[in-house]
Amino acid sequence: MYDIVIIGAGVSGSSIARELSRYNASICVLEKGEDVCSGTTKANSAIVHAGFDAKEGSLMAKLNVQGNAMMEQLSKDLDFPYKNNGSLVICTDESTRPGLNELCERGKKNGVPGVRIIEREELLKMEPNISDEAVAALYAPTGGIVCPFNLNIALAENAYTNGVEFRFNTKVLDVKKQENGYTIVTNNGDVRTKYVVNAAGVYADAIHNMVSENKMKITPRKGEYCLLDKSAGEHVSHTIFALPTKMGKGILVTPTVHGNLLVGPTATDIDNKEGVNTTRAGLDEVISKSAITVKNVPYRQVITSFAGLRAHEEHHEFIIEEVKDAKGFIDCAGIESPGLSASPAIGVMVADLLKEKMNLEEKEHFIATRKGILNPEDLTLEERNELIKKNSAYGNIICRCEMITEGEILDAIHRPLGAKSLDGVKRRTRAGMGRCQAGFCSPRTMEILEREIPGFTMYDVTKSGGDSAIVVGTNKDRV
Ligand SMILES: Cc1cc2nc3c(=O)[nH]c(=O)nc-3n(C[C@H](O)[C@H](O)[C@H](O)COP(=O)(O)OP(=O)(O)OC[C@H]3O[C@@H](n4cnc5c(N)ncnc54)[C@H](O)[C@@H]3O)c2cc1C
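1. Some remarks on the packing of aromatic side chains
Summed over the entire model, instances satisfying the criterion amount to four aromatic pairs. Ring centres of Phe-166 and Phe-168 lie 6.1 Å apart, and the angle between their planes is 20°; on these two criteria the pair is classed as stacked. In terms of burial, Phe-166 and Phe-168 fall into one category: buried. Ring centres of Tyr-225 and Phe-306 lie 4.7 Å apart, and the angle between their planes is 20°; on these two criteria the pair is classed as stacked. Of this pair, Tyr-225 sits in strand E13 (residues 218-228) while Phe-306 is found in strand E18 (residues 302-313), placing the two residues 81 residues apart along the sequence.

2. Description of the pairing of strand E14 (residues 239-242)
Side-chain positions along a regular strand alternate between the two faces of the sheet. Neither face of E14 is left uncovered, since the one carrying Thr-239 and Phe-241 and the one carrying Ile-240 and Ala-242 both have all their residues buried. Of the pairings in the sheet, the one linking strand E5 (residues 87-91) to E14 comprises four bridges and is parallel in character. By the bridge assignment, Ser-87 is partnered in E14 with Thr-239.

3. Notes on the site of the ligand
Taken together, the neighbourhood of the ligand is formed by 39 residues, with Ser-12, Glu-31, Thr-41, Ile-335 and Ser-341 sitting nearest. Thr-41 places a polar side-chain atom, nitrogen or oxygen, 2.5 Å from an oxygen atom of the ligand. At a separation of 3.2 Å, a nitrogen atom of the ligand approaches a polar backbone atom of Ser-45. Protein contacts shield 97% of the accessible area of the ligand, which totals 1,000 Å² for the unbound molecule. Mapped by element, the contributors of at least two residues to the shell around the ligand are helix H1 (11-20), E13, E18 and helix H8 (339-358). Looking at the shell around the ligand, its residues break down into 18 nonpolar, 16 polar and five charged. A domain split of the shell around the ligand shows at least three residues from each of domain 1 (2-41 + 149-218 + 316-358) and domain 2 (84-145 + 219-312).

4. Observations regarding the state of the cysteines
Evaluation of the coordinates by the stated rule reveals zero disulfides. Between Cys-28, a cysteine without a disulfide, and Cys-332, which holds the nearest cysteine sulfur, the sulfur-to-sulfur distance is 17 Å. We classify Cys-28 as buried; its relative accessible area is 0%. Cys-401 supplies the cysteine sulfur nearest to Cys-226, a cysteine that is in no disulfide, at a spacing of 19 Å.

5. Description of the nonpolar core
Ranked by size, the top nonpolar core spans 43 residues in total, and within it Ile-4, Ile-6, Phe-166 and Ile-346 carry the most contacts. Counting only elements with at least two residues in this core, the list comes to strand E1 (2-7), H1, strand E2 (27-30), helix H2 (59-78), helix H5 (148-161), strand E12 (189-198), strand E20 (329-333) and H8. Looking at this core, the element that brings in the most residues is H8, giving eight residues. Other than its neighbours up to four places away in sequence, Ile-6 contacts Gly-13, Ile-16, Ala-17, Leu-20, Ile-27, Cys-28, Val-29, Leu-30, Val-197 and Ala-199. Among the nonpolar cores identified, the runner-up in size contains 23 residues, and Ile-90, Ile-118, Leu-123 and Val-297 belong to it.

6. Remarks on the packing of helix H10 (residues 406-414) against helix H12 (residues 442-452)
Relative to each other, H10 and H12 sit at 45°, their axes nearing to 11 Å. In terms of orientation, H10 and H12 fall into the oblique class. Pair H10 / H12 crosses with right-handed handedness. Two secondary-structure elements touch here, H10 through Glu-406, Ile-409, Leu-410, Ile-413 and His-414 and H12 through Thr-445, Ile-448, Leu-449, Arg-451 and Glu-452.

7. Overview of helix H7 (residues 280-290)
Because an α-helix completes one turn every 3.6 residues, residues spaced three or four positions apart along the sequence face the same direction. Of the residues making up H7, those classed as buried are Gly-282, Leu-283, Val-286 and Ser-290. Along H7, the residues classed as buried sweep out an arc of 95° about the axis, all on the same side. Turned more than 90 degrees away from the buried face of H7 sit Arg-280 and Ala-281, all of them exposed. Residues of H7 that are buried in the fold lie against E13, strand E15 (252-255), strand E16 (261-264) and E18.

8. What to know about H1
Counting buried positions over the ten residues of H1 gives ten, a clear majority of the element. Among the residues of H1, Val-11, Ser-12, Gly-13, Ser-14, Ser-15, Ile-16, Ala-17, Arg-18, Glu-19 and Leu-20 are the ones counted as buried.

9. Some words on the pattern of salt bridges
Applying the stated rule across the entire model yields 31 salt bridges. For Glu-105, the salt bridge identified is with Lys-108, shortest N-O distance 3.8 Å. Remark: Lys-108 and Glu-105 occur in helix H3 (residues 97-110); sequence separation between them is three residues, near one turn of the helix. Overall, the relative accessible area of 40% leaves Glu-105 in the partly exposed class. By relative accessible area, Lys-108 is classed as partly exposed at 46%. Across the pair Asp-423 and Arg-427 runs a salt bridge whose closest N-O atoms are separated by 3.5 Å. Placement of both Asp-423 and Arg-427 in helix H11 (residues 422-429) is noted, with a separation of four residues, approximately one turn of the helix. Taking the relative accessible area as the measure of exposure, Asp-423 reaches 6% and is therefore buried. Classification of Arg-427 as buried rests on a relative accessible area of 10%.

How each quantity is defined
For every chain, the first residue of the written sequence is number 1, and numbering continues from 1 onward in sequence order. The predicted origin of the model limits local features to residues at a pLDDT of at least 70 and limits the giving and counting of side-chain atom pairs to 80 or more, whereas totals for whole chains, interfaces and linings rest on all residues. Values reported for side chains reflect all heavy atoms of the structure, with hydrogen atoms and water molecules removed beforehand. Note on ring pairs: Phe, Tyr and Trp rings are taken, using the six-membered ring of Trp, and paired if centres are within 6.5 Å. Classes follow the plane angle, with under 30 degrees stacked, over 60 edge-to-face and the rest tilted. For the exposure calls, accessible area comes from a 1.4 Å probe over protein chains only, and a residue counts as buried if that area is under 20% of its type's maximum, exposed if over 50%, partly exposed in between. Here a strand is any run of E in DSSP of at least two residues, a helix any run of H or I of at least four, and the numbering for each starts at the N terminus. For two strands to be treated as a pair, DSSP must find at least two bridges joining them. Whether a residue is near a molecule or strand is decided by its heavy atoms; if any one of them lies within 4 Å of it, the residue is near. A 3.5 Å cut-off defines polar contacts: any pair of N or O atoms within that distance qualifies, except that in protein one atom must be a possible hydrogen donor and the other a possible acceptor, and neighbouring residues in sequence count only when both atoms are side-chain atoms. What sets the accessible areas is the Shrake-Rupley method with a 1.4 Å probe; for residues, cover comes only from the shown protein chains. All amino acids are sorted into three groups, where Ala, Val, Leu, Ile, Met, Phe, Trp, Tyr, Cys and Pro are nonpolar, Asp, Glu, Lys and Arg are charged, and the leftover types, Gly among them, are polar. As annotated, the domain borders come from an automatic or database domain assignment. Disulfide assignment relies on a single distance test, namely cysteine sulfur atoms paired within 2.5 Å. Take the buried Ala, Val, Leu, Ile, Met, Phe, Trp, Tyr and Cys residues and link them wherever side-chain atoms come within 4.5 Å; each set so joined is a nonpolar core. Any two residues whose heavy atoms approach within 4.5 Å are treated as being in contact. Helix axes use the C-alpha atoms of the stretch in contact, all axes being lines fitted to C-alpha atoms, and the angles between their N-to-C directions lie in the range 0 to 180 degrees. Each angle receives one of four descriptions, namely roughly parallel if under 35 degrees, roughly antiparallel if over 145, roughly perpendicular if within 65 to 115, and oblique otherwise. Handedness of a crossing is defined here by the sense of rotation of the near helix relative to the far one, left-handed for an anticlockwise turn of less than a right angle and right-handed for a clockwise turn. Here the arc refers to the directions that run from the helix axis out to each C-beta atom. A side-chain nitrogen of Lys or Arg and a carboxyl oxygen of Asp or Glu constitute a salt bridge if their distance falls within 4 Å.

As structure tokens, this is what we get:
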């Protein structure tokens, strides 16, 4: 019997797990994917929003501003890429200026530091590629960008190091109320626990509805993107938003922490909770609407497109509370944007809630820091030579686009909660994220996975677990 079971190892579940791992409690995370970061956290804009967008007084606004303020220190403690690049909301039509002013006032009321309106002249100095139509902008100096994969992975690794158990490929099928807790029915057997945290992303409604008569509905709201090569990464330096609409924050243009340019997302409500395909219409919309705020985006440099699903609940608010008719069952639902930005604060909020309910005591030896995968590019030439002399795997380049070495891939596989698939390696190291999109390095990474994971054959190497095997037979099988 666990004290706490968390359903979902996205950024919310992993942040909650890490914050709860400060206390003496037995904690288990159940994840249907083969790795952490298999849901919405793997496909979003990766912006650490300043917090001017959410309705004043809302939980969303409060946790966004708190999470933003926590992110920089967290990135140092857990060693993941984060950059405070500031954000700009562009007004391209004088008639919409009242909307911009309103956003600025909301930002101030939400407690966003330093938020102010700037005029075209100042804006042009900050962003030479801004649209010729731009008349003014809202500048939020605390806006940032983050690597969502490594934020999620770092939180989970640190939780694991502090004693949290993770069970992957474990899908929750049912949750049954018992006299003193819950029985969670999974495809890998039953799990007993005193408390449950529901952090299941777009499926949080299904999990909630297993225990409550007050039904919840989460609508997947798809957002499609174009990702451009690093050669386009300096087209803008801030995150550039259009004025938001009811459906979201509009099409943004932003550099990523790794130096690419990201443009998107659209916002379309769909039925399919696995519907992460991109569409011609969606990408056309991305391209045409981005031109409203930024000119001459070099679309010939697109290296891939992708889509993510927002977990939209009709009230557009984070739902973080004990379910009224299910004592000991905590929802962490409706975590759409700015969920990534708010994630550090979401973790603290849920941990505080359970600490109080369960009288949790702090551990004597909580490990607050974690070291990420060593990136030889951060070393001087001399240091890199020394490293290669000690470990020749750091001299063997596997991904030539991103210059990722065998040493980094071995680290990704053998560290806590290590990579087991091509995507697992990719999200931890960036091998396969470059211009050729894994065309050249996949077979070499597959050989390393086969060699390094005990019991693995080439048939066990998958793109992302489940039925995504890459090798399904040999040429001779077909004769
Ligand atoms: C297009 C788009 C753009 C966005 N941009 C931003 C942004 O720029 N900044 C920002 O702050 N936020 C942004 N967000 C929001 C942010 O990505 C999410 O709020 C955040 O990633 C949600 O994390 P989560 O852990 O709650 O959900 P998820 O990452 O989806 O994790 C839920 C996990 O639960 C697992 N799960 C589901 N059902 C079960 C089950 N039955 N059993 C076991 N496991 C289960 C899933 O496999 C998944 O791993 C964006 C979202 C989208 C879609």
